[in-house]
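Examination of the molecular architecture
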Amino acid sequence: MSPATTAATPLVACLCASWCRVCDSYHDVFAQLRERHPGVRFVWVDIEDDEELVGDLEVETFPTLLVGQGALLQFIGPITPQLATAERLLASMAGAGPAKASPAAMSLLARLQHSC
């Protein structure tokens, strides 16, 4: 995939931790989302194992999803670990404007776009 195609492709990153039991159960949901949305890039980010990638972003609730397209951060926040909830979130992102986000969240989106 070319860098231009990668930037134009919607990105969904799940921010989790290996010790989080809720995140363990979310793996299956995330895999189902990946199957149902082949035009979207899905990235699993362990906030401790991928600490350099996460940077200064503080993640307090798991799972947390980050949704963006190119430089546009559309959503970042915790989500309940049900497929229907994630499906509604993704459907609502079509044509969504920018989310209010910290500079750390914007930086993470940029790093994800360039490294994943």
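Residues numbered from 1 in each chain as written. Predicted model: local features only at pLDDT ≥ 70, side-chain atom pairs only at ≥ 80, totals over all residues. Heavy atoms only, no water.

When you go through the chain residue by residue, the secondary structure sums to 5 helices and 4 strands. Relative to its length of 116 residues, the chain is compact, with a C-alpha radius of gyration of 13 Å against a globular reference of 13 Å. Across the 116 residues in the chain, those meeting the buried criterion constitute 42%. Taken as a whole, the chain presents about 6300 Å² of accessible surface, with 56% of it coming from carbon and sulfur. With 7 positive and 13 negative side-chain charges, the chain shows a spacing of 11 Å between the two charge centroids. (Helix = DSSP H or I, 4+ residues; strand = E, 2+ residues; numbered from the N terminus. Rg over C-alpha atoms; globule rule 2.2 N^0.38 Å. Buried < 20%, exposed > 50% of the residue type's maximum accessible area, 1.4 Å probe, protein only. Areas by Shrake-Rupley, 256 points an atom, 1.4 Å probe, with all protein chains shown as cover. Lys, Arg positive; Asp, Glu negative; His and termini not counted. Charge placed at Lys NZ, Arg CZ, Asp CG, Glu CD.)

The next point concerns the side chain of Q74. In this structure, Q74 sits in strand β4 (residues 72-78). Reaching out from Q74, the side chain makes a polar contact with the backbone oxygen of M93 at a distance of 3.1 Å. Ignoring any residue separated from it by four or fewer positions in sequence, one finds Q74 in contact with V67, G68, Q69, M93, A96, G97 and A99. (Polar contact = N/O pair within 3.5 Å; in protein donor to acceptor, adjacent residues only side chain to side chain. Contact = heavy atoms within 4.5 Å.)

Next up on the list: the sheet that holds strand β2 (residues 41-46). Ordered by their spatial adjacency, 4 strands build an open sheet running β2-β1-β3-β4, and the pairing between neighbours is mixed. Pairing within the sheet leaves two strands with one partner each, and these edge strands are β2 and β4. Between one strand axis and the next, the sheet turns through 15 degrees on average, direction left out of account. Summarising the sheet, strand β3 (residues 64-69) and β4 pair through 6 bridges and their orientation is antiparallel. What sits directly across from V67, in β4, is F75. Here helix α2 (residues 21-36) sits on the sheet in contact with β1 (10-16), β2 and β3, set at roughly 165 degrees to β2. Running over the sheet, helix α4 (residues 83-92) touches β1, β2, β3 and β4 and is turned about 25 degrees from β3. (Pairing = 2+ DSSP bridges. Axes fitted to C-alpha atoms, helices over the stretch in contact; angles between N-to-C directions.)

Another point: the pattern of salt bridges. With the rule as written, the count across this model stands at 2 salt bridges. Notably, a salt bridge pairs R21 with D24, separated by 2.8 Å at the nearest N-O pair. Placement of the pair is R21 and D24 together in helix α2, with a separation of 3 residues, close to one helical turn. For R21, a relative accessible area of 54% puts it in the exposed group. For the salt bridge of R36 with E87, the shortest nitrogen-to-oxygen distance reads 3.4 Å. You can see R36 sitting in helix α2 and its partner E87 sitting in helix α4, a full 51 residues away along the chain. On the accessibility criterion, R36 (52% relative accessible area) is exposed. By relative accessible area, which is 19% here, E87 ends up buried. (Salt bridge = Lys/Arg side-chain N within 4 Å of Asp/Glu carboxyl O.)

Right, let's talk about the environment of G77 for a bit. Relative to the helices and strands, G77 is located in strand β4. Here G77 falls in the buried class, since its relative accessible area comes to 10%. When the C-alpha atoms of G77 and T64 are compared, they prove to be 5.1 Å apart, with 13 residues separating the residues in sequence. Not counting residues within four places of it along the chain, the set of residues in contact with G77 comprises P63, T64 and L65.

Worth remembering: the numbers are spatial, not functional.
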